[in-house]
Amino acid sequence: MTQENAPAALTAADAQDKHRPTTSPTSATRQLCHNRQRVASVANGASRSKRHVSQNWETSAAIVASSGSALPPVPPAPARWTVASDRAPHRGRAGTALDFPGQTRNNQSRSRRPAVGPVATGEPAEPEENDAMRRMKTAAILSQAPIGEDVEVRGWVRTRRDSKQGFAFVEFNDGSTLANLQILVETSLPGYADWIHHLTTGASIGVCGVVQASPAKGQSVELLASALTLYGTAPAEKYPLQKKQHSFEFLREIAHLRPRTNTFGAIARVRNALSAAIHNFFQSRGFLYVHTPIITTSDCEGAGQMFRVTTLDLARLAQLKGEIDWGEDFFAKPASLTVSGQLEAETFACALGECYTFGPTFRAENSNTTRHLAEFWMVEPEMPFYDLADNMDLAETFIRTILRDVLERCPADMEFFNQRIDKTVLETLRNITDNEFVRLSYTEAVGLLENSGRKFEYPVRWGLDLQSEHERYLTEEQFRRPVILYDYPRAIKPFYMRCNDDGKTVRAMDVLVPRVGEIIGGSQREERLDVLVARMTECGLNPDDYWWYVDLRRYGTVPHAGFGLGLERTLLLLTGMINIRDVIAYPRTPKHAEF
RNA sequence: UCCCCGAUAGCUCAAUGGUAGAGCGAGCGGCUGUUAACCGCUAGGUUCUAGGUUCGAGUCCUAGUCGGGGAGCCA
């Protein structure tokens, strides 16, 4: 925004008049107009209602285009109806199919790229003389409020409210922020009556116009449209998303459309911010980002179902009798999708220092809960010369830092979650970022639970793993904040965890948080060769199968530690969402891999 | 995988074994610098599937499918 364009003293009414486009029929018909109707019809197929759309668009395009071509060239006017048809005359540079009035040089090439369909002419148009329009996202418009500036936005209609006062209000969203941009569409735009009813929930549009102060409550600025392009319609009688709240169960069935809702847009932005915060945390501390393999022939936990990866013909194998010859398979031995990158990450940590992995992980367990996915994302840092205390320190700092970063970066989305999803989520998160975690040994926790006077459904006894109800009691009732439990019985933990001198426990640690439960699992690793080999045998594993992992203890072994953080569980904590299937784009769970 | 609950209009849900209903959404009209708008009218149903009981089943019984909650496995 510039001082010349928008004097601070200008009233809302003044601004509106000053920037109101020329709307007389004469000037309107002078606009060179292009029809994007083919874009719409390509995207929509050929149902009855869609044909209806096409007819209207062709009609309005034909009228305006013929008028425009019959008149002598005029300077670009503020109001122009941009539609493009492959049948419409393309005259001069303004006739280029995707020409928008007033594009800046900076984003010219990008703006002229067709979104869909065959309408591009390949003839890039030169920017016009008084080209002042620039492409902007809603987030920038709302935060910068560039009053008086000509801008262009592209996105989707959320709702429309018609007024008989000569305009309609279009709620517009381009995903850049939770808030919608209110667009004022005046009935004086060419062909208004023919196309306004196509601006329904879900329709994709581009709008050029001037940013102006809004005279009504609800928004500080709005966009007064001077030109509008319809990319694709979304017939209201068919489009599944309505101008109302939908249940998460229903939205899960249309997961390809749910990013268009407030909740799932906010989740996507928070997930993005969380991922960035995770990388920032490690990168700023000198951790190395390591890409560990997705396909593996080792079983990290020595337990748990894995997804088999094979190129063998399963249909043929099913008819054959006898043993499967794995030598015939792609890797010449059984291979699976990884359940953890930890073992591979250890090899890098024991060479290059602190490192971390961040990628998808797969578990073929038949889990049907709100906290389990068959495919999920996990962050696994691994640090040489760290003991369990160092590990717990890092995990605590890590969680508090990434939560704080997301709170800072996504205030609007987080406020939305607090208002509409879980009214306690902000309080819970601040409680986590502002307070130290409780640290409790497993033995202490068992004693505490035994003496709580509380009746649990499952027994509490040293040597048994803690149940969900026990963990929830600790985090939600006893301490009301995250709890790190450590030094678990060795019998209930995997082979790679370092054995304590008591002979009964291992240097494991779980970070438990209210409502979600275990969000981090980690340990100090067993770095002593003889102890590790003995433990593998004890767990029923053949050390020869892990020869490369055991080699780390043969050559220059070091004490080291690490942990794994479930990304989706962190998102549950962050957003207040209940079901883990709603914080990942396309959840994979037993019997479900649609999309 | 186990336990419990559910499936009725596009969505969310009502409906003693006896003619299928509402709100929201949609269409049409009215009103309005509107904003979860408001007011009126209209359309919209193989009551998840397959059997069974009954004069009669959305309702009762059996099996299956799908969804939700809890548990286990774990991140």
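Just so you know, these numbers come straight off a predicted model, no measurement behind them.

Rules used in this analysis
Residues numbered from 1 in each chain as written. Chains lettered and ligands numbered in written order. Predicted model: local features only at pLDDT ≥ 70, side-chain atom pairs only at ≥ 80, totals over all residues. Heavy atoms only, no water. Helix = DSSP H or I, 4+ residues; strand = E, 2+ residues; numbered from the N terminus. Buried < 20%, exposed > 50% of the residue type's maximum accessible area, 1.4 Å probe, protein only. Contact = heavy atoms within 4.5 Å. Areas by Shrake-Rupley, 256 points an atom, 1.4 Å probe, with all protein chains shown as cover. Arc of directions from axis to C-beta. Pairing = 2+ DSSP bridges. Core = buried A, V, L, I, M, F, W, Y, C linked by side-chain atoms within 4.5 Å. Axes fitted to C-alpha atoms, helices over the stretch in contact; angles between N-to-C directions. Near = heavy atom within 4 Å. Polar contact = N/O pair within 3.5 Å; in protein donor to acceptor, adjacent residues only side chain to side chain. pLDDT = per-residue confidence, 0-100. Phe/Tyr/Trp six-rings, centres within 6.5 Å; stacked < 30°, edge-to-face > 60°. Lys NZ or Arg CZ within 6 Å of the ring centre and 35° of its normal. Parallel < 35°, antiparallel > 145°, perpendicular 65-115°, else oblique. Left-handed = near helix turned anticlockwise from the far one by under 90°. Nonpolar A, V, L, I, M, F, W, Y, C, P; charged D, E, K, R; others polar.

With that settled, the discussion passes to the overall build of chain A. Helices and strands together make up the secondary structure of chain A, namely 19 helices and 17 strands. Sorting the 595 residues of chain A into buried and exposed places 51% on the buried side. Considering only contacts within chain A whose residues lie at least 6 apart along the sequence, 68% involve residues at least 24 apart. When the accessible surface of chain A is summed, it comes to about 28100 Å², and 50% of that surface belongs to carbon and sulfur atoms.

The phi torsion at Asp487 lies on the positive side, around 55°, for a residue other than glycine. Position of Asp487 among the secondary structure elements: in strand β14 (residues 483-489). Despite not being glycine, Arg515 has its phi angle at roughly 75°, a positive value. Turning to its location among the elements, Arg515 is positioned in the loop between β15 (505-513) and β16 (517-524). For Arg515, a relative accessible area of 29% translates into the label partly exposed.

Attention now goes to helix α15 (residues 442-450). Buried within α15 we find Tyr442, Ala445, Val446 and Leu449. For α15, the angular spread of the buried residues around the axis is 100°, confining them to a single face. Contact partners of the buried residues in α15: β13 (438-441), α16 (468-478) and β14.

Burial of strand β4 (residues 181-186) is extensive: 6 of the 6 residues sit out of reach of the surface. Residues Leu181, Ile183 and Val185 of β4 are buried on one face, and the alternating residues Gln182, Leu184 and Glu186, pointing to the opposite face, are buried as well. Two strands pair when backbone bridges link them, and β4 and strand β6 (residues 221-232) are joined in this way by 2 bridges, in the parallel orientation. Opposite Ile183, over in β6, you have Leu223 as the bridge partner.

This brings us to the environment of Tyr231. Secondary-structure assignment places Tyr231 in strand β6. You can call Tyr231 buried: its relative accessible area is 8%. Each C-alpha atom, one on Tyr231 and one on Cys410, is 30 Å from the other, the two residues being 179 residues apart in sequence.

Counting residues in hydrophobic clusters, the biggest one holds 64 residues, and the most contacted among them are Ile278, Phe398, Met414 and Ile520. Setting aside residues up to four positions removed in sequence, Ile278 forms contacts with Phe358, Val379, Phe398, Ile402, Leu565 and Leu567. Counting 28 residues, the second-largest nonpolar core is a separate cluster that includes Leu343, Val483, Cys499 and Val506.

The next point concerns the sheet that holds strand β7 (residues 288-289). Here 8 strands make up an open sheet; going across it, the order is β7-β11-β12-β17-β16-β15-β14-β13 and the pairing mixed. A strand with exactly one partner marks an edge of an open sheet, and here the two such strands are β7 and β13. Where helix α9 (residues 262-283) meets the sheet, it contacts β7, β11 (355-362), β12 (375-384) and β17 (560-566), and its direction lies at approximately 150° from that of β11.

The next thing to look at is the protein's contact with RNA strand B. Close to RNA strand B lie 56 residues; Lys217, Glu222, Arg252, His372 and His592 are nearest. A share of 51% is what sugar and phosphate atoms reach among the atoms of RNA strand B within 4 Å of the protein. At 2.4 Å, a side-chain N or O of Ser367 approaches a base oxygen of RNA strand B. Elements that contribute at least two residues to the surface near RNA strand B include exactly β2 (150-163), β3 (167-173), β4, α8 (248-253), β12, β16 and β17.

Turning our eyes to something else, we now look at the sheet that holds strand β8 (residues 295-296). Pairing between the strands of a sheet comes from backbone hydrogen bonds, and it takes one of two forms, parallel or antiparallel. Overall, antiparallel pairing links the 3 strands, which are arranged β8-β10-β9 in an open sheet. The outermost strands of the open sheet, each flanked by one partner alone, are β8 and β9 (308-309). Pairing geometry for β8 and strand β10 (residues 335-337), over 2 bridges, is antiparallel. Following the sheet pairing, Ile295 is matched in β10 by Leu337.

Attention now goes to the pairing of β12. The element β12 is extensively covered by neighbouring structure, given that 8 of its 10 residues are classed as buried. Strand direction decides the pairing type here: β12 and β17, joined by 5 bridges, are antiparallel. When the sheet's bridge partners are listed, Met383 is paired in β17 with Ala561.

Quick look at the environment of Pro489 now. For Pro489, the position within the fold is in strand β14. Sequence spacing of Pro489 and Gly218 is 271 residues, and the spatial spacing of their C-alpha atoms is 58 Å. Discounting chain neighbours no more than four positions away, the residues touching Pro489 are Tyr442, Trp462, Gly463, Lys504, Thr505 and Val506.

Take the environment of Gly265 next. Mapped onto the secondary structure, Gly265 falls in helix α9. Here Gly265 falls in the buried class, since its relative accessible area comes to 10%. As a C-alpha pair, Gly265 and Asp174 span 91 residues in sequence and 10.0 Å in three-dimensional space.

Confidence in the prediction for chain A averages 78 pLDDT; 77% of positions are at 70 or higher. Confidence, read as mean pLDDT per element, is least for helix α4 (residues 48-70) in chain A (21) and greatest for β7 (98). Contacts for the low-pLDDT stretch residues 1-81, under 50 throughout, to residues beyond four places or in other chains number 136 contacts. Scored below 50 in pLDDT, residues 83-130 shows 108 contacts in the model against residues more than four places distant or in partner chains. Both scores are available for the predicted complex, with the pTM at 0.80 and the ipTM at 0.90.

On to the packing of aromatic side chains. The tally for this structure, following the rule as stated, stands at 21 aromatic pairs. Three or more aromatic residues joined by ring pairs make a cluster, and in this case those are Phe281, Phe282, Phe287, Tyr289, Tyr356, Phe398 and Phe563. Looking at Arg285, its charged tip hangs above the ring of Phe281, at a distance of 3.8 Å from the centre. Here Arg553 stacks its cationic end above the ring of Tyr549, 4.1 Å away from the centre of that ring.

Between α9 and helix α12 (residues 388-409), the least distance of the axes is 9 Å, while the angle of their chain directions is 135°. Relative to α12, α9 is oriented oblique. Note that α9 runs across α12; the crossing there is right-handed. Between α9, through Val270, Asn272, Ala273, Leu274, Ala276, Ala277, Ile278, Phe281 and Phe282, and α12, the contact on the second element is made entirely by Leu394, Thr397, Phe398, Thr401, Ile402, Asp405, Val406 and Arg409. Split by residue class, the contact of α9 with α12 holds 12 nonpolar, 3 polar and 2 charged.

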